[in-house]
Amino acid sequence: MKRGANIRDKDGVGFSDITEESNPKRQKQRDKILYNTNQPFIPHHIGTDNNNSNSKNSSAKNSSTTKTTPDVSASGDRCILNIRKGSTPSSLEINSNEFSTLDLKLTDEIQDYYAKNRQSELVFNNKRRLQLELYNIIRTVIPGSRLFMFGSSLNGTGTNSSDLDLCLVLHNEKIEDNQTIISTLFAVRKILHRYRVSNNIILIRAKVPIVKFQDNVSKIECDLNVNNTVGIRNTHLLRAYSSMDPRVPSLLMSVKRWARLNDINNACHSTLSSYCLTLMVIHFLQTCPPRILPSLQALYPGIFNLRVELSRIDLDVKLPAFNNNNNVYNNNINNDNNNNNNDNDDNNTISVGQLFMDFLDYYGNKFNFERNVISVRLGTTLIKAEVMEKVKPENQWKFISIEEPFSLQNAARSVHEEAMFAKIRHVFRESSQLIKRYKNGKRKNDDDVNGEEDDDDEGDNSGSLGSGDVIKSLFTIKLPPPVKR
């Protein structure tokens, strides 16, 4: 059966209104209006249901007249994302007198990578259209269901190559038994085959079972689960953290890049998932002096908790900027007349390059993995022995312990092999040591006190370490040999 045939939503909006292939001329005109920017897109919606799919379609069509992207200011080749007026710090411009050459170069590298790879408005809208298309197909066999987008596509850390994560919420969203979920996924796979959505639809029976496929039209990779609503709530929380400070999304993206290139960013291979790395970055920013992020769950328990209905989650909830002086949020921060909110010596204005180096040092040399549990929920560390007594099963708290903000289980339970744990620690430590060797004085001529630059970083035979060498080496660490069993 041809995709889009004989499918109408409740309000009579045809399926052709949201597919890319139905009306090429109209789609081309629409894309020209909507997608003439590479700036990140911050959407104003998270799910689809029978009551709001048409309104969300219309909002997408009208986006050419409604500002849906955050302001972006440019300084040379460096783009700085101004999430909100009064966010800390306001400009994050780097003073060359305050930061070393390595800090400056690493900051430029991180910001340039973020500017080139962050999810564009075009990519997001393609994902949004695919979500609506899949929803219209699935509800023909599973009435009363809702389809939510979650994950990096919405939480502010997505790239143009990020998968589309979808959660199918049944009429009874509390159903969790594996048999019902698997049978539902079989039904989803069958209907997607019927409408030729993908040529290869795989059902993966993991701890959270999913249907995995690539859309034939948009070529977007999709992972669809059933009733795993905690992922939707996590997206809400992580999105709020990402929007608090413009350094957060760029730091997150570079940490994932570093981990991926060093082969420690794959839960299927018993290393760290991208979600775990995100929680590790947020925890670091909650504990660095002075801290950049607070605990949103502690400050706003009425907004970030399991009791809030999914339909009432507001992705764009307005939260004031963090004020370290009062250890709370400044409730007047959003007032346009209040221009002195960032005149605060306690606000952390460290460059994103220095934060990246401090992140490596924190987990490579300071954090006690054997004794402590990372808790973003509380913005601190917990004692592993105490957590093991309260949160079962005990054997999940093995090598790396990261408390899941809502379920309180170990988000890093995939790291269950000693060899993989050793590999992760080695990469953190070697990366940190590389930076320390540079800072201990092993610098090339391009890093001398006169600030003169020699573009030929690799042509020096002195054996000293240049800033360019450090940045290159950070993404090509040699892995340790496997631990003998």
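Please refer to the structure placed before this passage.
Cut-offs and rules
- Residues numbered from 1 in each chain as written.
- Predicted model: local features only at pLDDT ≥ 70, side-chain atom pairs only at ≥ 80, totals over all residues.
- Heavy atoms only, no water.
- Helix = DSSP H or I, 4+ residues; strand = E, 2+ residues; numbered from the N terminus.
- Buried < 20%, exposed > 50% of the residue type's maximum accessible area, 1.4 Å probe, protein only.
- Areas by Shrake-Rupley, 256 points an atom, 1.4 Å probe, with all protein chains shown as cover.
- Pairing = 2+ DSSP bridges.
- Contact = heavy atoms within 4.5 Å.
- Axes fitted to C-alpha atoms, helices over the stretch in contact; angles between N-to-C directions.
- Phe/Tyr/Trp six-rings, centres within 6.5 Å; stacked < 30°, edge-to-face > 60°.
- Salt bridge = Lys/Arg side-chain N within 4 Å of Asp/Glu carboxyl O.

Engineer: Help me understand the overall build of the protein, please; the structure alone is not making it clear to me.
Structural biologist: A tally of helices and strands in the protein yields 14 helices and 13 strands. Among the 485 residues that make up the protein, the fraction classed as buried is 54%. Total accessible area computed for the protein in this model is approximately 22,900 Å², and 46% of it derives from carbon and sulfur atoms.

Engineer: Would you take a moment to explain the pairing of strand β4 (residues 146-150) for this structure?
Structural biologist: Each regular strand displays side chains that alternate between the two surfaces of the sheet. When you tally the buried positions in β4, you get five out of five residues, the bulk of the element. Neither face of β4 is open: one carries R146, F148 and F150, the other L147 and M149, and all of them are buried. Across five bridges, β4 lies against strand β5 (residues 164-169) in antiparallel orientation. Looking across to β5, one finds that M149 is bridged to L166.

Engineer: Any chance you could explain the sheet that holds strand β12 (residues 380-383) here in plain terms?
Structural biologist: Consider a sheet: its strands pair through backbone hydrogen bonds, and that pairing is either parallel or antiparallel. Here we have three strands laid out as an open sheet, ordered β12-β11-β13, and mixed in their pairing. Because the sheet does not close on itself, it has two edges, and the strands there are β12 and β13 (402-403). Where helix α9 (residues 274-287) meets the sheet, its contacts fall on β11 (372-375), β12 and β13, and the angle it forms with β11 comes to roughly 90°.

Engineer: How do you make sense of the packing of aromatic side chains when you look at a structure like this?
Structural biologist: The geometry of two aromatic rings is summed up by the distance between their centres and the angle between their planes. What the rule picks out here adds up to 14 aromatic pairs. When the centroid spacing of 5.8 Å and the interplanar angle of 55° are considered together, the rings of Y363 and F428 count as tilted. With Y363 in helix α11 (residues 352-366) and F428 in helix α13 (residues 418-439), this pair connects stretches of sequence that are 65 residues apart. Aromatic side chains F367 and F369 sit 4.9 Å apart centroid to centroid with 70° between the ring planes, which places their arrangement in the edge-to-face category.

Engineer: I keep staring at the environment of I181 and nothing clicks. Help me out?
Structural biologist: Position of I181 relative to the elements: it lies in helix α6 (residues 178-194). Residues I181 and N227 lie 46 residues apart in sequence; the distance between their C-alpha atoms is 7.9 Å. Beyond its immediate stretch of four places on either side in the chain, I181 contacts I175, E176, P209 and V226.

Engineer: Help me understand the pattern of salt bridges, please; the structure alone is not making it clear to me.
Structural biologist: In a structure, side chains of opposite charge can pair up when their charged atoms sit close to one another. Under the definition given, this model contains 12 salt bridges. Of the charged contacts, one joins K436 and D361 as a salt bridge, the two residues approaching to 3.5 Å between their closest N and O atoms. Remark: D361 occurs in helix α11 and K436 occurs in helix α13; sequence separation between them is 75 residues. Judged by relative accessible area, K436 falls into the partly exposed class, the value being 35%. Residue classification places D361 among the buried residues on the basis of a relative accessible area of 14%. As a salt-bridge pair, R377 and E403 come within 2.8 Å of each other at their nearest N and O atoms. Here R377 is found in the loop between β11 and β12, whereas its partner E403 is found in strand β13, with 26 residues between them in sequence. A relative accessible area of 24% places R377 in the partly exposed class. Classification of E403 by relative accessible area gives buried; the value is 4%. When salt bridges with common partners are traced through the structure, they connect D163, K212 and D223 into a single cluster.

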